[in-house]
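# Results of the structural survey
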Amino acid sequence: MSNQTHCEIHGESDETFVCSHLTGGTAGLGFNRNETSADDPFPDAWCDDCELIREAHGGWNEQSEKLASIRLLCSGCYERARVRNTRTLETLDDLADLRWKCSSCEEWHKGPCLDFGFSSPLYWSAEDESAFENTPPADDAEFPSTFLDEDYCAINNEYFFVRGNIELPIIGTAKTFNWGVWGSLSRDNFAICLRTNDDPKRVELEPMFSWLSSQIDQYPDTRSLKMYAHMQEPGFRPKFELEPTDHPLAQEYYNGISPARVKEIMKAELPDVRVKENS
Ligand SMILES: [Zn+2]
Ligand SMILES: [Zn+2]
Ligand SMILES: [Zn+2]
């Protein structure tokens, strides 16, 4: 058993040790460590500069350790530092020359596209659209039985959804890739969301249980993955926290996605993607 430490963000977590350069919000510095094992899931880690020092001194010893200045980190912060600093063959900068045709405005844009979204939950249908015209609110509700806007959706006063974000950290960077998806809510939580839509205090709401209600075609079945919706300040959509499972989307949520994978998703999701100059 490793020792425990308390972190403001991650609570009680395993103690880990990294070079001082990997603490804070740094990105793209390299992440070197010995192989992980069941006994040691978070081996000591150091940046590429410290790797040069280690090599020059023939390994870790009193001298090289002094130069690297080792710091304590919680295992949650360690994982974040790993994703941000791990080097990838293709970097996000390499995607700067991509040109792509936008599905919303039909214009050509440049650089990586880091945001894809769904305008309605999977369960919304064209019939709901026409039903919306003449559905009065149910007796006890302050919202129509069936409606869809940019953030909220109700169907037959029975199913309720909120639009939010699943943010995937991009490996080797401090940036995230965003899936704008829909998640179900209980009737009570849905009502709370609507009621507190403009209330700055909504950030203090408990995370709300939600089933993912969008099928993202870049993964096997994403319907009904378990999530929690974390409410954000007014004007910002909730962030969805995925249950940690083996599902590829959950894996990317916790371990990040490579810039090469971002490019792959762009090619699959956008009508046209080209490298600059060649057409
Ligand atoms: Zn370092
Ligand atoms: Zn932490
Ligand atoms: Zn556009």
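Note that the structure is a prediction, hence the values are computed from the model and not measured.

With that out of the way, let us pick up the coordination of the zinc ion (ligand 2). Protein coordination at the zinc ion (ligand 2) comes from C7 (SG), H10 (ND1), C74 (SG) and C77 (SG), with a distance range of 2.1 to 2.3 Å. If you look at the zinc ion (ligand 2), its 4 donor atoms make angles of 100 to 117 degrees with each other, and the shape they trace is tetrahedral. Within one chain, the residues serving as donors to the zinc ion (ligand 2) are arranged as C-x2-H-x63-C-x2-C. Separated by 67 residues along the polypeptide, C7 in strand β1 (residues 4-7) and C74 in strand β5 (residues 70-74) bring together distant segments of the chain. Take C7 and C74: they sit in the same class, and that class is buried.

On the surface, D39, D40, D44, E62 and E65 cluster together into a negatively charged patch. Of note, D44 is situated in the loop between β3 (32-33) and β4 (45-46). Residue class for D44 comes out partly exposed when judged on its relative accessible area of 45%.

Here R82 is to be found in helix α3 (residues 75-85). By relative accessible area, which is 15% here, R82 ends up buried. Residue contacts for R82: discarding those within four places in its chain leaves F31, R33 and N255.

A separate point is the nonpolar core. Within the largest apolar cluster, 41 residues are counted, with the highest numbers of intra-cluster contacts made by I166, L168, F177, W179, L249 and M266. Setting aside chain neighbours within four positions, we find L249 in contact with I166, L168, W179, L212, I216, Y219, T222, L225 and L242. Judged by nonpolar contacts, the second largest core, of 15 residues, contains F31, A45, Y78 and A81.

With that out of the way, let us pick up α3. The buried count for α3 comes to 9 of 11 residues, which makes it a mostly enclosed element. Buried within α3 are the following residues: S75, G76, C77, Y78, A81, R82, V83, R84 and N85.

Alternating residues of strand β6 (residues 98-101) divide into L98 and W100, all buried, and R99 and K101, none buried. Sheet topology places β6 next to strand β7 (residues 108-110); 3 bridges connect them, and they run antiparallel. Directly across from W100, in β7, lies its bridge partner H109. Where β6 folds back onto β7 in an antiparallel hairpin, the turn is made up of 6 residues, including E106, whose phi is positive at roughly 65 degrees.

Below, the discussion takes up the pattern of salt bridges. Under the counting rule described, the total for this entry stands at 10 salt bridges. For R261, the salt bridge identified is with E264, shortest N-O distance 2.8 Å. Here E264 and R261 lie together in helix α7 (residues 259-269), a separation of 3 residues that amounts to about one turn. Note on E264: relative accessible area 47%, which makes it partly exposed.

What follows covers the coordination of the zinc ion (ligand 3). In the first shell of the zinc ion (ligand 3), the protein supplies C102 (SG), C105 (SG) and H109 (NE2), at 2.1 to 2.4 Å from the metal. Each donor residue of the zinc ion (ligand 3) lies on the same chain, and together they follow the pattern C-x2-C-x3-H.

With that settled, the discussion passes to the environment of S103. Structurally, S103 can be placed in the loop between β6 and β7. Taking the relative accessible area as the measure of exposure, S103 reaches 51% and is therefore exposed. In this structure, the C-alpha to C-alpha distance between S103 and L168, residues 65 residues apart in sequence, is 21 Å. Excluding its chain neighbours within four sequence positions, the residues that come into contact with S103 are L270 and P271.

Our focus in this paragraph is the sheet that holds β6. Each strand in a sheet pairs with another by means of backbone hydrogen bonds, the pair being arranged parallel or else antiparallel. The strand order β7-β6-β16 describes an open sheet built from 3 strands, whose pairing is antiparallel. The sheet terminates laterally at β7 and β16 (272-275), the two strands that pair on one side only. The mean inter-strand angle of the sheet, taken between neighbouring strand axes irrespective of direction, is 25 degrees. Here β6 pairs with β16 via 4 bridges, running antiparallel. Paired with K101 across the bridge in β16 is D272.

As a further point, take helix α6 (residues 248-255). Of the positions making up α6, those classed as buried are L249, A250, E252 and Y253. One side of α6 holds all its buried residues, which, seen down the axis, span an arc of 160 degrees. In the core, the buried residues of α6 are packed alongside β11 (159-169), β12 (176-185), β15 (239-242) and α7. With its phi angle positive at about 85 degrees, G256 sits one or two positions after the end of α6.

Conventions and cut-offs
Residues numbered from 1 in each chain as written. Chains lettered and ligands numbered in written order. Predicted model: local features only at pLDDT ≥ 70, side-chain atom pairs only at ≥ 80, totals over all residues. Heavy atoms only, no water. Donors = N, O, S within 2.8 Å, 3.2 Å for Na, K, Ca; no water. Tetrahedral: all angles 85-135°; square planar, octahedral: opposite > 155°, others 65-115°. Helix = DSSP H or I, 4+ residues; strand = E, 2+ residues; numbered from the N terminus. Buried < 20%, exposed > 50% of the residue type's maximum accessible area, 1.4 Å probe, protein only. Patch = residues over 30% accessible without salt bridge, like charges linked within 9 Å, V, L, I, M, F, W, Y side chains within 5 Å. Areas by Shrake-Rupley, 256 points an atom, 1.4 Å probe, with all protein chains shown as cover. Salt bridge = Lys/Arg side-chain N within 4 Å of Asp/Glu carboxyl O. Lys, Arg positive; Asp, Glu negative; His and termini not counted. Charge placed at Lys NZ, Arg CZ, Asp CG, Glu CD. Contact = heavy atoms within 4.5 Å. Core = buried A, V, L, I, M, F, W, Y, C linked by side-chain atoms within 4.5 Å. Pairing = 2+ DSSP bridges. Axes fitted to C-alpha atoms, helices over the stretch in contact; angles between N-to-C directions. Arc of directions from axis to C-beta.

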